[in-house]
Structure formats: C-alpha cells, structure tokens
Amino acid sequence: MDASVPMPRAADLLAWYDRHRRALPWRAEAGERPDPYRVWASEIMLQQTTVTAVKPYYERFMARFPTVQALARAPSEEVMQAWAGLGYYSRARNLHACAKAVMENHAGRFPDTEEGLRALPGIGAYTAGAVAAIAFDRPAAAVDGNVERVITRLFAIADELPGARPLIREKVLALLPAGRPGDFAQALMDLGATICTPRNPACGLCPWREPCRARIEGTQESFPRKAKKKAGQTRYGAAFVLTRADGAILLRTRPAKGLLGGMAEVPTSEWRADYELDGAAQDAPLPLRWTEVPQPVRHVFTHFPLELTVFTGAVPAKTPAPAGMRFTPLGRLAEEPLSGVMVKVLAAAGVKPTGLSA
DNA sequence: TAACCGTGGGT
DNA sequence: TACCCAAGGTT
C-alpha cells in the first residue's frame, strides 16, 4: 500500500449523495423508510436494465399491482403481459413466484435480512444486499456493475471479473459507514451511474478523487478488467403471421422455461444456424399460400443474433386454430405477452398492436 | 465456471 | 458498423 494515498471515507460519499442524489420513482424521500415491496420490485426490474427503460414499466406495474398481495393473486399471463418488452422474462416468472412465497411463507412481509431475502426466487447476492440495506437499514453490501466499476478504480484492482468479486465485496464491507447503510448503497450506485461512468468519468467532480488509485495512475477507463465475450452465431428461421378474415391473428405460447419462456408468439420454424428457407412451407402452421415479406426481421439477443423471414397468410372467418394455438382479435393483441422480437415480426407483417405497452 | 437469458441506447 | 453497457440470477 502506498501511504501517500489517503483512504476513501464513506462520509465524503454520503455528503456528496446528500447534494446530488437522483430523484427516482422507487426512491423514498430523504429520511423516509421506503416500501419494501416497491424497493424489491424496482430492484428486479433494474437487473441488467437501464433506469430509463424501467421507469415507465415501474409506474404501470405499481398502478396495476400496488401490493405484494395484489401481485401474488394476479394470473401469470397478466404479470407476463405487464413485463412484455422489458426482457429477461425469467425475472417476471420469478417475481411472481417470489410474491406468492412472501404471501404463503412470510405472512405477506418481506424477510428483513440478506439471508432471508436470498432464499427467495429471483433474489441473488446483489438484490438481497440492496433490499436489506435500502428497505431495512441493514449493513449489507450491494455490489452491482456500478459498484464493481467504482471499487476496481478506487483500489486499482486489476483482477478480471467475475473473479475479482469477492475482493470487491470485501472492500465495500470495509467501507460501510456506522449508519445510513441504505444511503451508502444507493450513493455508491449513483456515483457509478453519474460520475464514475464507463467512459469519460467526471473525476473532477468525484468525492473520492483524492483516494482513487486509478485516477492517480490515469488508468480509470481500463477498469474494471473483464474478458471479452464471444459473439454467438446468427440463427435463422421463418415466422408465420396468419390473419383470419375477422382480423384475428394466430398465436401460441412458448414453453415456460428457456428463451422468451411463457411469452406469446406467432408460429415460427425452429431457429437454427443452418436453417434452409426453401423448406419453410413445411414449418407453417397451415398449408396455404404464404407471401414472403421482402425484408427479414433482425434481432439481437444476448448470446446470438436472429434473422426471421416473415410470411403472411389469410384464412376465412371461423377457421379453427390448430392444436395448441389460438386466434387473438386485433383489438386484444395488446393483452398478449408479446416479446420485443414478436412486436417486430408483427410490424413487418403490417400488424400494429394498439396500446401495446412495449 | 460458464452458458444462458432481452432489449435499447451510447459511442 | 460493431461493439459495450445496464441496480444480475439461475443452472
């Protein structure tokens, strides 16, 4: 350790937070205890998702499910629909399961410890720490991507993520102030989100500029260190938008687990790297004259790009849906849990769901 | 441990 | 354009 570099002090960060904290819909007023349900729901929504994307979903979600009891009692399709477009749909399934567990196993109250929270579905190390600290004033570490960046820079931790996580956690615990654990957790995240940004950090405005080793070295942007991820291979497939004469669209529900689990979709072929479009007709839900939409729909998932060729077709009114599928009236399309990629497919086919939340 | 799991925005 | 990134969790 270089003795000439001062130790960072939590008090300096908290003083900065008192002047610069962000006003966010799920954040209580200074000095007030927030509703654990709202803290928890916002934390789940914010997993790997930007504040900007979450805001409108959070507002709608709270209006629709004001309490953990209301959420627990809601049908799963309604929960999935409220989440549609936000991504990482296992979060929505786990959120619903967690609400039910809180009602059935915890008398409708969230556990107030990290350990108790961690045992609930969809709550991992970060979320347990965040909810414990923010909602229950527990002295817990909430290490998210922001905190990883702040801490690796502050101490110039050159170990790659995720291997460096235990050390980062140690550092955060060592920095915890005697009081205000919830504010400290949020201050650390606010600092990462507004000052200690991935690129062009505003070090001149940082309350920890003096003790920051990376700033002293001039290597701020080289932290945190992490291995590059390989890009997945593009997968291809065909999607079939079938319109009945009364305007209804043929849909089905995807299996509960896996990619887009539990979400609604138009029938498609399998999605494969070696998919042959020539045989697409065999993958159609019904044998009829399909029209290819000129421009395929491209979509990028976390681990692979997808290119779907869209086919449109029409059938007479009163045509029954094939087994396992349903015709949804155009006016009720907005009630279906349609993923982002399916909204793109429908748009490419000229179908515009009205009032869609996504 | 590493792969899986969405989507939109920034550079 | 092609990356990177965002209040991660599960298997």
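Only a predicted model underlies this, so the values are computations on that prediction, with no experimental measurement involved. (Residues numbered from 1 in each chain as written. Chains lettered and ligands numbered in written order. Predicted model: local features only at pLDDT ≥ 70, side-chain atom pairs only at ≥ 80, totals over all residues. Heavy atoms only, no water.)

## Looking at the environment of Pro-329
- For Pro-329, the position within the fold is in the loop between strand E7 (326–328) and helix H13 (340–348).
- On the basis of relative accessible area, Pro-329 is assigned to the partly exposed category, the value being 42%.
- Considering only alpha carbons, one finds Pro-329 and Ala-248, 81 residues apart in sequence, at a separation of 3.9 Å. (Helix = DSSP H or I, 4+ residues; strand = E, 2+ residues; numbered from the N terminus. Buried < 20%, exposed > 50% of the residue type's maximum accessible area, 1.4 Å probe, protein only.)

## Describing the protein's contact with DNA strand B
- The full set close to DNA strand B counts 19 residues, and Leu-260, His-299, Thr-302, His-303 and Gly-340 are the nearest of them.
- Sugar plus phosphate, as a fraction of atoms of DNA strand B within 4 Å of the protein: 56%.
- Side-chain polar atom of Tyr-88 to a base oxygen of DNA strand B: 3.0 Å apart, as the coordinates give it.
- Gly-340 places a main-chain nitrogen or oxygen 2.4 Å from a phosphate oxygen of DNA strand B.
- Those elements that place two or more of their residues in the surface near DNA strand B are strand E5 (297–300) and H13.
- Tallied by class, residues from the surface near DNA strand B come to 8 nonpolar, 10 polar and 1 charged. (Near = heavy atom within 4 Å. Polar contact = N/O pair within 3.5 Å; in protein donor to acceptor, adjacent residues only side chain to side chain. Nonpolar A, V, L, I, M, F, W, Y, C, P; charged D, E, K, R; others polar.)

## Things to note about the UniProt feature "domain: HhH-GPD" (unreviewed entry) in chain A
- As recorded in UniProt, the feature "domain: HhH-GPD" (unreviewed entry) lies at residues 45–194.
- Between the first and last C-alpha atoms of residues 45–194 the distance is 20 Å; the span itself is 65% helix and 0% strand. (UniProt positions renumbered as here; feature names shortened; annotations may be inferred.)

## Examining the pairing of strand E6 (residues 305–315)
- Of all 11 residues making up E6, 8 are buried, and the element is well covered by its neighbours.
- Direction of pairing for strand E1 (residues 235–244) relative to E6: parallel, over a ladder of 10 bridges. Across the sheet, the residue bridging to Thr-243 is Ala-314, located in E6.
- When strand E4 (residues 291–292) meets E6, the two strands line up antiparallel, connected through 2 bridges. The residue bridging Glu-292 from the neighbouring strand is Phe-311, located in E6.
- Looking at chain direction, E5 and E6 are connected through 4 bridges and run antiparallel. Bridging from a neighbouring strand, Arg-298 pairs with Glu-307 of E6.
- Between E5 and the antiparallel strand that follows it, E6, lie 4 residues. (Pairing = 2+ DSSP bridges.)

## Focus: the pattern of salt bridges
- Here the structure, examined in full by the defined rule, presents 17 salt bridges.
- Members of the salt-bridge network, linked through shared partners, are Asp-18, Arg-180 and Asp-183. (Salt bridge = Lys/Arg side-chain N within 4 Å of Asp/Glu carboxyl O.)

## Examining the protein's contact with DNA strand C
- The full set close to DNA strand C counts 27 residues, and Glu-43, Gln-48, Asp-144, Asn-146 and Arg-149 are the nearest of them.
- In the model, a phosphate oxygen of DNA strand C is placed 2.8 Å from a nitrogen or oxygen of the Gly-122 main chain.
- For DNA strand C, a phosphate oxygen lies 3.3 Å from a polar atom in the backbone of Tyr-126.
- Taken together, the elements giving at least two residues each to the surface near DNA strand C come down to helix H2 (36–46), helix H8 (125–136) and helix H9 (145–154).
- For the surface near DNA strand C, the class distribution of residues is 10 nonpolar, 9 polar and 8 charged.

## Some thoughts on the nonpolar core
- Within the largest apolar cluster, 102 residues are counted, with the highest numbers of intra-cluster contacts made by Trp-40, Phe-61, Phe-184 and Trp-208.
- For this core, the leading source of residues is H8, giving 9 residues.
- There are two domains that each give this core at least three residues, and those are domain 1 (10–222) and domain 2 (235–348).
- When sequence neighbours within four positions are dropped, the list of residues in contact with Trp-40 reads Leu-71, Leu-95, Cys-98, Ala-99, Phe-110, Ile-123 and Val-131.
- Ranked by size, the runner-up nonpolar core spans 13 residues in total, among them Leu-242, Tyr-275, Ala-284 and Met-325. (Core = buried A, V, L, I, M, F, W, Y, C linked by side-chain atoms within 4.5 Å. Domains from an automatic or database assignment. Contact = heavy atoms within 4.5 Å.)

## Re helix H6 (residues 90–105)
- Between its first and last C-alpha atoms H6 spans 21 Å; for 16 residues at 1.5 Å apiece the expected length is 22 Å, and the two agree.
- If you check which residues of H6 are buried, you get Arg-91, Ala-92, Leu-95, His-96, Cys-98, Ala-99, Ala-101 and Val-102.
- Of the residues flanking the end of H6, it is Ala-107, one or two places downstream, whose phi is positive at about 55 degrees. (Expected span 1.5 Å × (residues − 1).)

## Points about the packing of aromatic side chains
- A complete count under the given rule lists 9 aromatic pairs for this structure.
- Ring plane angle 45 degrees and centroid distance 4.9 Å describe the contact between Trp-40 and Phe-110, whose orientation is recorded as tilted. Here Phe-110 lies in the loop between H6 and helix H7 (114–118) and Trp-40 lies in helix H2, a separation of 70 residues in the sequence. For the pair shown, Trp-40 and Phe-110 are each scored as buried.
- For the ring pair Phe-301 and Phe-304, a centre distance of 5.1 Å and an interplane angle of 40 degrees mean the geometry is tilted. For the pair Phe-301 and Phe-304, a shared accessibility class is recorded, and that class is buried.
- Each member of the aromatic cluster is reached from another via a ring pair, and the members are Tyr-37, Trp-40 and Phe-110.
- Taking NZ or CZ as reference, Arg-235 lies 3.7 Å from the ring centre of Phe-304, over its face. (Phe/Tyr/Trp six-rings, centres within 6.5 Å; stacked < 30°, edge-to-face > 60°. Lys NZ or Arg CZ within 6 Å of the ring centre and 35° of its normal.)

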